[in-house]
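Analysis of the macromolecular model
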Amino acid sequence: MNTNDPRFELIRLCRDGQASIEELAELEVSLREDAGFREAYVRYMNLDVALSSVAKVLPMPMVTSALRQRNRWLAWRPLTAAAAGIVFGMFCTSMVFGFVAQRAAVKKIPLSVFDAGLEAVEQILNDGLPSQAGQWGVDDAKVVPADGNVTPLAGQYMLRLEPIPREKEVKNHTSRAYQVLDLRSLPAAAMTADAEVEVSASFCATDGDVSSRYLIRAIALDEAPAQATKNFWSKVESDGVVSESQRFDTAPGSHGWQSFSMTLRLPPGSKTLVLIFGAVPPELPSRPASVHYLDEVQVSLLSSETLLP
Amino acid sequence: MSHEDSLRVFVRSLLFTHDEEREVMQEVAVVLWRKFDADMDSESFCRWAFGVARMEALTFRRDRARDRHMFGEEVFELLSKTVLEQEDSLEAERRALDTCLQKLPDDQRYLVQAAYAPGIKIDQLATQLGRTAMALYKTLHRIRLTLMNCTQRVLATEELT
């Protein structure tokens, strides 16, 4: 469940002891009937409990003065901002509005992803992260047609990600697929300071009765692909590399294809974008690890329209 | 995650304030110490402890809570099942929380520490900060959601590395 879901406010009301009888009843119905909501509720409470433990071991900070100062500033901020806006507006109203309009108009440019629909059944899949663009890399996967009761989301084929069972003693149980994009052909004007890439992908599990966890990670590097992928894993941990990861949990009973997307702020000068897609086996040791499928990967550049041709 | 942590999350999910959780956890601890059977295996202990927690929460809400609302049997079962099934995942999120707390802006981190300090009352803290209690509750809620998203990102990064 996404944290933008309005039902998180219901959780807050109950957590803070502010819920009415009706709201408590509504909470109970959601907890009973919606597994995704129930998991989100437990995660929220887990965080709440963890925060009380953290506060216990940390010395009480000089919060009050620091916060009070901050708060005074916050209290004045709207007035100050309004006053500054009026003064600024007297001199350059059109510039202010021009800036706002420019920020609001965002153009979405699809970027070329090699075999985005996983249709090239004959392709050679690289073992692990590929060192160049134009190739898929995988831990353990293959391009397959309809498989059991799973049919490709689009086209004739999809990628079957073999599960890495929990009981197997490996560092990471995530079954991954990789792709490297060469950004050097992008027009320089498109790489504005506010440019973002949006990555989306669709996943499907053979066992929709249990929850599945999918991951998407995008990493922007300022080196050409061949160089960027050398010593890649040690490089991604450095502060200079911009990276964003997102987990997506499906609720038990979510059958069929599920589509997810995430965005990454793309720093100007980025030359390579590495994409990693992963599926994590369920935590229930009693269930056999589910096979997951990947299809229809899309990557778009979101940039200010006015700066593009 | 230790059983104690799981148990605490379970109790917290059944009750509606931290004070209630603390009181019930104390009662639960007393019962568990008094009636502990060393022959019990881990799974039996866990089942028994969750049952005790549930009874104590029920008793507390019935006798002490103002609204006396208590979840029904089915929700009790579903919540305990969810907590136990998600034990590893919840533990990982608690671990990732340290990283995420460091990423919070200073004022938000201080606020969290102040609000969660033992014995603190939100009304009093709000007065000290010159804010309304409601504004503080909502700010803390937003911070919690930010932290939830952050822990997901941290764990996703770990799982894809």
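Model, not experiment: these values are computed from the prediction.

1. Description of the overall build of chain B
Looking only at helices and strands, one finds 8 helices and 0 strands in chain B. Ordering the α and β elements of chain B from the N terminus gives α-α-α-α-α-α-α-α. Counting across all 161 residues of chain B, residues that qualify as buried make up 53%. Surface exposure of chain B reaches about 7800 Å², of which carbon and sulfur atoms provide 49%.

2. Observations regarding the confidence of the model for chain A
All names here are of chain A. For chain A, the average pLDDT comes to 79, and 80% of its residues sit at 70 or higher. Here helix α4 (residues 63-104) is the element of chain A with the lowest mean pLDDT, 36, and strand β5 (residues 158-161) is the one with the highest, 96. Long-range and interchain partners of residues 57-104, a stretch whose pLDDT sits below 50, account for 31 contacts in this model, where long-range means more than four residues apart.

3. Describing the layout of surface pockets
Approximately 720 Å³ is the volume found for the largest pocket. What lines the largest pocket is a set of 33 residues, among which D16(A), T17(B), H18(B), D19(B) and Y137(B) lie closest to the centre. Of all the secondary-structure elements, those providing two or more residues to the lining of the largest pocket are α1 (7-15) of chain A together with α2 (18-35), α3 (42-63), α6 (106-116), α7 (122-129) and α8 (133-159) of chain B. Sort the elements by how many residues they give to the lining of the largest pocket and α2(B) lands first, with 5 residues. Residues that form the lining of the largest pocket fall into these classes: 13 nonpolar, 6 polar and 14 charged. A volume near 590 Å³ is recorded for the second largest pocket. Lining the second largest pocket we find 21 residues, and of these M1(A), N2(A), T3(A), R247(A) and F248(A) sit closest to its centre. Of all the secondary structure elements, the ones that give two or more residues to the lining of the second largest pocket are α3 (35-57), β9 (242-249) and β10 (258-265) of chain A together with α8 of chain B.

4. Some remarks on the sheet that holds strand β8 (residues 213-221) of chain A
Reading across from one edge, β2-β3-β6-β11-β8-β9 (chain A) is the order of the 6 strands in this open sheet, with mixed pairing throughout. Of all the strands in the sheet, the pair left with one neighbour each is β2 (126-127) and β9 of chain A. As defined by bridge partners, β8(A) adjoins strand β11 (residues 272-280) of chain A across 9 bridges and the pair is classed as antiparallel. Note that in β11(A) the partner of Y214(A) across the bridge is A279(A). Its contacts with the sheet put α8(B) on β8, β9 and β11 of chain A, and the angle it makes with β9(A) is roughly 100 degrees.

5. Notes on the state of the cysteines
All names here are of chain B. Under the counting rule described, the total for this entry stands at 1 disulfide over all chains. Between C100 and C150 runs a disulfide, and the two sulfur atoms are separated by 2.2 Å. Between C100 and C150, the S-S dihedral sits near -90 degrees, and the bridge is therefore left-handed. Of the two residues, C100 is situated in helix α5 (residues 87-103) and C150 in helix α8; the sequence distance between them amounts to 50 residues. Accessibility assignment for this pair places C100 and C150 in one class, buried.

6. With respect to the interface of chain B and chain A
Tallying the contact residues gives 65 residues for chain B and 68 residues for chain A. Between chain B and chain A, a total of about 6300 Å² is buried, with carbon and sulfur atoms accounting for 62% of that surface. Among the residues of chain B in contact with chain A, M148(B), E159(B) and L160(B) are the three that bury the most area, contributing 12% of the side total. Here chain B is connected to chain A by 6 salt bridges. Across the pair R213(A) and E159(B) runs a salt bridge, and its minimum N-O distance is 3.7 Å. The interface formed by chain B and chain A holds 17 residue pairs in polar contact (both at pLDDT 80 or more) in total. Counting only elements with at least two residues in the side of chain B that touches chain A, the list comes to α1 (3-14), α2, α4 (73-85), α5, α6, α7 and α8 of chain B. Examining the composition of the side of chain B that touches chain A, we find that 17 residues originate from one element, α8(B), more than from any other. Of the residues belonging to the side of chain B that touches chain A, the class tally is 28 nonpolar, 18 polar and 19 charged.

Rules of the game
- Residues numbered from 1 in each chain as written.
- Chains lettered and ligands numbered in written order.
- Predicted model: local features only at pLDDT ≥ 70, side-chain atom pairs only at ≥ 80, totals over all residues.
- Heavy atoms only, no water.
- Helix = DSSP H or I, 4+ residues; strand = E, 2+ residues; numbered from the N terminus.
- Buried < 20%, exposed > 50% of the residue type's maximum accessible area, 1.4 Å probe, protein only.
- Areas by Shrake-Rupley, 256 points an atom, 1.4 Å probe, with all protein chains shown as cover.
- pLDDT = per-residue confidence, 0-100.
- Contact = heavy atoms within 4.5 Å.
- 1 Å grid on protein atoms, 1.4 Å probe; cavity = no way out; pocket = protein on both sides within 12 Å on 5 of 7 lines; lining within 4 Å.
- Points joined across faces, edges and corners; volume = space filled by probe spheres on them.
- Nonpolar A, V, L, I, M, F, W, Y, C, P; charged D, E, K, R; others polar.
- Pairing = 2+ DSSP bridges.
- Axes fitted to C-alpha atoms, helices over the stretch in contact; angles between N-to-C directions.
- Disulfide = S-S within 2.5 Å.
- Buried area = accessible area lost by both parts, 1.4 Å probe.
- Salt bridge = Lys/Arg side-chain N within 4 Å of Asp/Glu carboxyl O.
- Polar contact = N/O pair within 3.5 Å; in protein donor to acceptor, adjacent residues only side chain to side chain.

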